[in-house]
Amino acid sequence: MIKTLIHPCKALQFPVGKIEGPMQLRSKRPKMELTLTQPDDWHLHLRDGDLLDAVVSHSASHFRRAIVMPNLKPPIITTTAAAVAYRESILKALPANSNFTPLMTLYLTDMTSPIEIKLARRSGAVFAVKLYPAGATTNSQDGVTDIFGKCLPVLEEMAEENMPLLVHGEVTNPDVDVFDREKVFIETVLQPLVQRLPQLKVVMEHITTIDAVRFVESCKEGFVAATVTPQHLLLNRNALFQGGLQPHSYCLPVLKREIHRQAIVSAVTSGSKRFFLGTDSAPHERRKKECPCGCAGIYNALVALSLYAKVFEEVDALNKLEAFTSFNGSDFYGLPRNTSKIKLIRTPWTVPESFSFSFGDIIPMFAGETLEWQPSFI
C-alpha cells in the first residue's frame, strides 16, 4: 500500500557501535509511505564473536527471519549440532525483545553424509545446505571439490527430505575468466545437476548475470529460484574502479557488465515468483577490506531495504516490491508468510560513514550517501 504522509516519521534506531556521520536530513518533497509485510533475508552473513555482536541488530531491525550462512572461520557449521549451537549464539547476541529468527544452514563438504541431512531436517533449526565450490569465496576453502563424484548421495537425500541446496554458483578453475565463472558453472554443474535430480530444490544465490536469469526462468517453478542482492541490482563493474580501486565495492561473485545488471533488474521487478530478497550482507572490519589482499563482501544490512525500494521505484514497480521482499522466499521454502508489518517512508537520510567498535570500523554500503527511502516499524 502506498500513500502520502503529512506527519514526520521516526527513524529506526541502531543501538550498536559509534555511528560516524548524520543519520537523517529534512526533506522538501512530499513524503510517501509504503507498508509492507515484514521482509525476510534469504542470504545473510552474521559471522561470530565480536563481529556477530556488532552487526546482528541491523538485520534484526529490518528482517523477521534470515537464512544464515555457515562459512565461519574455521568453517565449523558442518553438522546439525554445530548449527544449533551457532543459532544459540545468534539468539544471545540479539537486542532485548527482538523477534528475529535465524534459520540455519549446513556447510556442505566432500565428507557430509546422508545421515546428517536426516538429522538436519528433523532438528527444526536447519533449513538448507550451502554449496561452496572449494575456494570460491570467503572462508570456502573447505567446500566441495567434486559435487558429482563425492556429494551425489547427499544431494539425493536432500531431494528426498525436501531440503533446499543453496548454491554459490561459480567455478574455481583458474583458467576461467573471473567474469565468466557464473556462466560456466551453470553450463557445467548446475544444468546437469537439475537434469539429474529434478526434484531437488535449488536456490542460485546472489545471481549476477543474464545467463543466470535465463537459467532460473527456464527451470520448473518451485524447484529452482534465485536470490538477488542490492549491489548486483545497483552497481556494475565500473564501481570497482571509479576514482581508483574501491575495496568496499568488491564482492564475490564480482560485479558484472551493465547489460547483466539491467537483466537482473528486469527479472526481479517483473513480478516473477522465482526471485527473492537475499542481501548477502557480509561484514568485514575495515582493515581487512583496505589492505593488499582485501576480503570480498559488502555490508548492506543497514541500507538494503532502502536500496531495493530505490530499484523498484526507478522502474515504476513499487507495487511488486512486497512480493519480492516478503512473499516469494517464504513460499519457496514452504514457510508461513510473516504477519508483522514494516513501513518504508520516502524521506532523505544519510548513510553513516562508518560504525566504530572496539575491534575496528565497519563501512556500510553507500557510506556517506543520501538515500530516499527509510525503514520504520509500524
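That block above? That's the structure.
Residues numbered from 1 in each chain as written. Predicted model: local features only at pLDDT ≥ 70, side-chain atom pairs only at ≥ 80, totals over all residues. Heavy atoms only, no water.

Caption draft 1: A look at the packing of helix α3 (residues 114-123) against helix α5 (residues 152-161). At a closest axis distance of 8 Å, the pairing of α3 and α5 adopts a crossing angle of 30°. Put simply, α3 runs roughly parallel to α5. The way α3 lies across α5 gives a crossing that is right-handed. Of α5, the residues touching α3 (which contributes P114, I117, K118, R121 and R122) are P153, V154, E157, M158 and E161. Split into classes, the residues belonging to the contact of α3 with α5 amount to five nonpolar, no polar and five charged. (Axes fitted to C-alpha atoms, helices over the stretch in contact; angles between N-to-C directions. Helix = DSSP H or I, 4+ residues; strand = E, 2+ residues; numbered from the N terminus. Parallel < 35°, antiparallel > 145°, perpendicular 65-115°, else oblique. Left-handed = near helix turned anticlockwise from the far one by under 90°. Contact = heavy atoms within 4.5 Å. Nonpolar A, V, L, I, M, F, W, Y, C, P; charged D, E, K, R; others polar.)

Caption draft 2: Fine view of the sheet that holds strand β9 (residues 202-204). Pairing is parallel across the open sheet formed by eight strands, whose spatial order is β4-β5-β6-β7-β8-β9-β10-β11. Among the strands making up the open sheet, the edge pair consists of β4 (41-44) and β11 (275-277). Strand-to-strand twist across the sheet, computed as the mean angle between neighbouring axes with direction ignored, equals 30°. Two elements, strand β7 (residues 126-131) and strand β8 (residues 165-167), share three bridges in a ladder whose sense is parallel. Counted as the bridge partner of L131 is V167 from β8. In this fold helix α7 (residues 210-218) packs onto β9, β10 (224-228) and β11, with an angle of close to 145° to the strand it touches most, β10. (Pairing = 2+ DSSP bridges.)

Caption draft 3: View of the packing of aromatic side chains. A complete count under the given rule lists eight aromatic pairs for this structure. With 5.4 Å between their ring centres and 45° between their planes, Y107 and Y132 make a pair best called tilted. Taken together, the positions of Y107 in strand β6 (residues 101-107) and Y132 in the loop between β7 and α4 (147-150) put the pair 25 residues apart, joining distant regions of the chain. Note on F276 and F332: the rings are 5.8 Å apart at their centroids and 40° apart in plane angle, and the pair reads as tilted. Of the two residues, F276 is situated in strand β11 and F332 in helix α12 (residues 321-333); the sequence distance between them amounts to 56 residues. Taken individually, F276 and F332 each receive the classification buried, so the pair is uniform in this respect. In textbook terms, an aromatic cluster arises when at least three aromatic residues are bridged by ring pairs, as seen for W42, F276, F332 and Y333. The residue whose ring lies beneath R237 is F179, and the NZ or CZ to ring-centre distance is 4.6 Å. (Phe/Tyr/Trp six-rings, centres within 6.5 Å; stacked < 30°, edge-to-face > 60°. Buried < 20%, exposed > 50% of the residue type's maximum accessible area, 1.4 Å probe, protein only. Lys NZ or Arg CZ within 6 Å of the ring centre and 35° of its normal.)

Caption draft 4: Region of the structure containing empty space enclosed by the protein. All told, the structure shown has two cavities of 30 Å³ or more when counted by the stated rule. Computed from the structure, the largest cavity encloses a volume of approximately 120 Å³. Grouping the constituent residues of the lining of the largest cavity by class yields six nonpolar, eight polar and three charged. In this structure, the second largest cavity encloses a volume near 80 Å³. Looking at the second largest cavity, the residues that line it are H248, A282, P283, H284, K289, G297, I298, Y299, I362, I363, P364 and M365. Of the residues assigned to the lining of the second largest cavity, the class counts are eight nonpolar, three polar and one charged. (1 Å grid on protein atoms, 1.4 Å probe; cavity = no way out; pocket = protein on both sides within 12 Å on 5 of 7 lines; lining within 4 Å. Points joined across faces, edges and corners; volume = space filled by probe spheres on them.)

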